Structures are given as structure tokens and as C-alpha cells.
Amino acid sequence: MRAHESSTAVDGAPAGAPTAAAGPAPRPRMEWMDTLRGVAILLMLLWHATAVPRLHGIVVPDVLVAVNDALLPFRMPTLMFLSGLLLPRSLSKPLVTYLRGKVALVWWPYLLWVVLFLAMSGTQTPLWHPKLYLAKGYLWYLFFLGVFYLVAPLVRRVPTALVCGVLLVASFVVDSPLAHRMLYFAVFFFLGCWVAERGDDVVGRIGRSRARVALLAAVALALAVASAVVDLRYVSLTVPGSVAGIVVAVLAARRLPSARTARLRAVGRSSIVFYTAHFPVMQVVATWLGGRGAPWWVAVPALLVAALAVTWPLARHRDGPAVRWLFEMPGLAVRRPTVRPPASPVPAAAAAVARP
């Protein structure tokens, strides 16, 4: 895998995470990437706002579940793809610096929030047992990302297109649920890396043809409809359809005016905060509402608003010593200045979820 700088200014850690060592002044961020990541994160929150109530006996309408299922082939694959886009810049750093950053910004928050998750959900397994920490609960994405970052230096001399092909083929062959799922998402991660390495804006070239864009949109729509009625989670045959949807989403994000995406970009820049901190809040609220027989039309918006009411201030104040350790290992990574989210919290962010 060839390692050179991408055109973004941030590290390959989750968006909003600080870089692992001081270096040259950062170049301007690619705003569309923050926008698209923000949309994906908010859609993930919306999915959990409908899924968590069902764990507590609250019935959610089938149509709402189907809408969320329709987005399943695109939400997390898009986040993986965007993380992969940032990998070449990460790999251009010295290996020790690279690994320090991943420990501080990926593995630390993963382990920290896994412990909190276990404390809330309870477990009969001893806390020292390794299986407790393998892609645990809603934090599986961070675990996968951490593994991919560890694997990336080992295959950096291998053509990335070949890596993607091998991973895709392996995902058809491997039956173990966890291993299959990891291979499935690794395809999107290293595909993002391949796109960044090319340096010729392959997505932009695709977007110059309306016919190609229309075809990709039709493929993505067909996959979304199929996913709404059939369980297509992590099915390797759907990877091309997911890629088609990602390309269309990237092209759409590039066309959005900056003046209308400030809050979405704020979510995207602090995606690690929204991702890790939202679920415990939803669990607490859903437990309380489920015990009182609340209907879905109360529970779903309540969970979404409660999660944003907690995560938005955390994102805004994440540079402070009282918050920073929740998302970054103290003393290991060196933070560059980050842009804080706007002061206006829940209403504007909640409205952003409904945007297409």
C-alpha cells in the first residue's frame, strides 16, 4: 500500500480526533467530508433511537424500522470509507507516531466506553476475559477501525486495489460472523484508502456524467428498497450497491453550500463524541420510558433529543480537561486546535437528522 498525504488536513482517526503529534500547520479541511460524516452519524443516532426502545418493550411501527433498514447498506460503510480516505496521510507519519495516535484516539476511547457499557448492561463473564472486549455492543465500529489501523502498516507495500479484492473474496468465504463482518467493512475502509491514493478525484470524474450518476443512484435505490424488506446485513453481494450509494452521497455532499451545513460539519468533526456517548444516554431514557409504558412516538424523539442534549455540549467542550480524557488518552497524543460546534444544541441538530 502506497503511503502519501491525502488532500485532507486531519489524521486517520475518527473525525474530530486530534492528530498524534505536532507537525506542519494543517491544510484546510475538506468540508464535504465533515458534512457527510455528520449526516451518517445523525442517521446512526436515528437508527438507535428506534432500535433501543424495542429492547425495552416499546413497539415501533414497521414502516419506521423499514426506513432505517433501507439505510443499513450505507450508514456505517460510508463512515468506514471516509476513515479510509484519511489513511494515506496517517501512514505518511513515522510508525511510532502513527501507533501512538491510534492507541490514544481509537483504542483508548473504545476500551473506556466498553467498560462503561459493561457496567450499565452487566455481565457474568469476568472483566479480565478477552472476549468481553471483542467488538462489544454498539462500539464495534471503533474496534474494527482500531484493527484496520493495526493491519494497514503491515500491507502498505501491497497494492491497495489488491488488498480490497482479497478482502472482498475472503468475505464470501469466511463464515464466522465476527470475522465475516470485519472483512466486509474492511473492504470499504481500504477502498477509501485506494481512492485517496489515486489523487485523480475518481469520484469527481464519475460525477461529470449525469448518466453514470443516475445509474449509480438507481442501483443504490434498488439496494435500499431490497434492504427494507429483506435482511441484507453484511451480505458481500451488496458491496457494489453500497459503493454506488457512497459515490452518490459524496457527490451530493460536495454540492451542498457551506452556509447550510455548519452544524452537520460540527457533528462530523466530533463524530467520536457523538458515536461513543449517545448510546448510554439512550439506554437510560429508554429504560425509564419503557417502565412507564411510553408509546413509540414519545420514546423515539425523546431518545434522540436526550442523546443530542448530552453529546452536543460534550463535543463543544471536548478540549476541556474534564471532558478530553473521555475521548483521548491523557499524555499520549498532542492535540491541534479544533473547531468547536456552534452553541445552539438540540433543535438545530435534531432538525438536521431529517435532511436527505
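Residues numbered from 1 in each chain as written. Predicted model: local features only at pLDDT ≥ 70, side-chain atom pairs only at ≥ 80, totals over all residues. Heavy atoms only, no water.

1. Some thoughts on the overall build of the protein
Scanning the protein for helices and strands turns up 16 helices and zero strands. Here the protein holds 356 residues, and 51% of them are scored as buried. Partitioning the contacts of the protein with sequence separation of at least 6, the portion at a separation of at least 24 is 81%. (Helix = DSSP H or I, 4+ residues; strand = E, 2+ residues; numbered from the N terminus. Buried < 20%, exposed > 50% of the residue type's maximum accessible area, 1.4 Å probe, protein only. Contact = heavy atoms within 4.5 Å.)

2. Here we look at the packing of helix H1 (residues 31-55) against helix H2 (residues 62-70)
The N-to-C vectors of H1 and H2 enclose an angle of 140°; their axes lie 10 Å apart at closest approach. The orientation of H1 with respect to H2, classified from their angle, is oblique. Taken as a pair, H1 and H2 cross one another with a handedness that is left-handed. Residue-level contacts link Leu43, Leu46, Trp47, Thr50 and Arg54 of H1 to Leu64, Val65, Asn68 and Asp69 of H2. Taken together, the residues of the contact of H1 with H2 break down into five nonpolar, two polar and two charged. (Axes fitted to C-alpha atoms, helices over the stretch in contact; angles between N-to-C directions. Parallel < 35°, antiparallel > 145°, perpendicular 65-115°, else oblique. Left-handed = near helix turned anticlockwise from the far one by under 90°. Nonpolar A, V, L, I, M, F, W, Y, C, P; charged D, E, K, R; others polar.)

3. Quick notes on helix H13 (residues 271-290)
Between the first and last C-alpha of H13 there are 28 Å, a value that for 20 residues agrees with the 28 Å anticipated at 1.5 Å per step. Its axis deflected by about 30° at His278, H13 carries its strongest bend there, up to four residues before the proline Pro280. Counting buried residues along H13, 15 of its 20 residues qualify, which places the element largely inside the surrounding structure. (Expected span 1.5 Å × (residues − 1). Bend = angle between axes of the 7 residues up to and from the residue.)

4. What about the nonpolar core?
Core analysis: the largest hydrophobic core is formed by 94 residues, its most contacted members being Met80, Leu87, Phe144, Phe148 and Phe190. The element best represented in this core is helix H8 (residues 177-198), accounting for 13 residues. When neighbours within four sequence positions are excluded, Phe144 is seen to be in contact with Met80, Ala135, Leu178, Arg181, Met182 and Phe185. Of all hydrophobic cores here, the second largest spans five residues; its members include Ala70, Phe74, Ala220 and Ala224. (Core = buried A, V, L, I, M, F, W, Y, C linked by side-chain atoms within 4.5 Å.)

5. Focus: the environment of Tyr98
Residue position: Tyr98 is located in helix H5 (residues 95-121). The exposure class assigned to Tyr98 is buried, which follows from its relative accessible area of 3%. Expressed as a C-alpha distance, the spacing of Tyr98 and Leu150, which sit 52 residues apart in the sequence, is 9.6 Å. Those residues in contact with Tyr98 that lie beyond four places of it in its chain are Leu87, Ser90, Leu91, Tyr149, Ala152 and Pro153.

6. Brief notes about helix H11 (residues 239-255)
Taking 1.5 Å per residue, 17 residues should reach 24 Å; H11 reaches 25 Å between its end C-alpha atoms and fits that length. All of the buried residues in H11 are Val239, Gly241, Ser242, Ala244, Gly245, Ile246, Val247, Val250, Leu251 and Ala253. In the core, the buried residues of H11 are packed alongside H1, helix H3 (75-85), helix H7 (160-173), H8, helix H9 (202-207) and helix H10 (210-229).

7. Looking at a nonpolar patch on the surface
There is a patch of nonpolar side chains on the surface, built from Val169, Phe172, Val173 and Leu237 and spanning about 440 Å² of accessible area. Within the secondary structure layout, Val169 lies in helix H7. Look at Val169 and you get exposed, because its relative accessible area is 52%. (Patch = residues over 30% accessible without salt bridge, like charges linked within 9 Å, V, L, I, M, F, W, Y side chains within 5 Å. Areas by Shrake-Rupley, 256 points an atom, 1.4 Å probe, with all protein chains shown as cover. Salt bridge = Lys/Arg side-chain N within 4 Å of Asp/Glu carboxyl O.)

8. Examining the packing of H1 against helix H14 (residues 296-316)
Relative orientation of the contacting elements H1 and H14 amounts to 130°, with a least axis distance of 9 Å. In terms of axis orientation, H1 runs oblique to H14. Here the hand of the crossing between H1 and H14 comes out right-handed. Packed against H1, whose contacting residues are Leu42, Leu45, Leu46, His48, Ala49, Thr50, Val52 and Pro53, the element H14 presents Ala299, Val300, Leu303, Leu304 and Leu308 at the interface.

9. Considering the packing of aromatic side chains
Counted by the stated rule, this structure contains 25 aromatic pairs. Relative to Tyr141, the ring of Trp140 has its centre 6.2 Å away and its plane inclined at 85°; by these criteria the two rings are edge-to-face. Tyr141 carries the same exposure label as Trp140, and that label is buried. Measuring from ring centre to ring centre gives 4.8 Å for Trp140 and Phe185, while their planes differ by 40°; the resulting arrangement is tilted. Remark: Phe185 occurs in helix H8 and Trp140 occurs in helix H6 (residues 140-151); sequence separation between them is 45 residues. Accessibility classification places Trp140 together with Phe185 in one group, the buried group. Positioned above the aromatic ring of Trp32 is the side chain of Arg254, whose terminal nitrogen or guanidinium carbon lies 5.3 Å from the ring centre. (Phe/Tyr/Trp six-rings, centres within 6.5 Å; stacked < 30°, edge-to-face > 60°. Lys NZ or Arg CZ within 6 Å of the ring centre and 35° of its normal.)

10. A few points about unusual backbone geometry
With a phi angle near 50°, Asp201 is a residue other than glycine that sits in the positive phi range. Among the secondary structure elements, Asp201 is positioned in the loop between H8 and H9. Given a relative accessible area of 35%, Asp201 falls into the partly exposed group. In this structure, Tyr234 takes a positive phi of about 60° despite not being glycine. Position of Tyr234 among the secondary structure elements: in the loop between H10 and H11.

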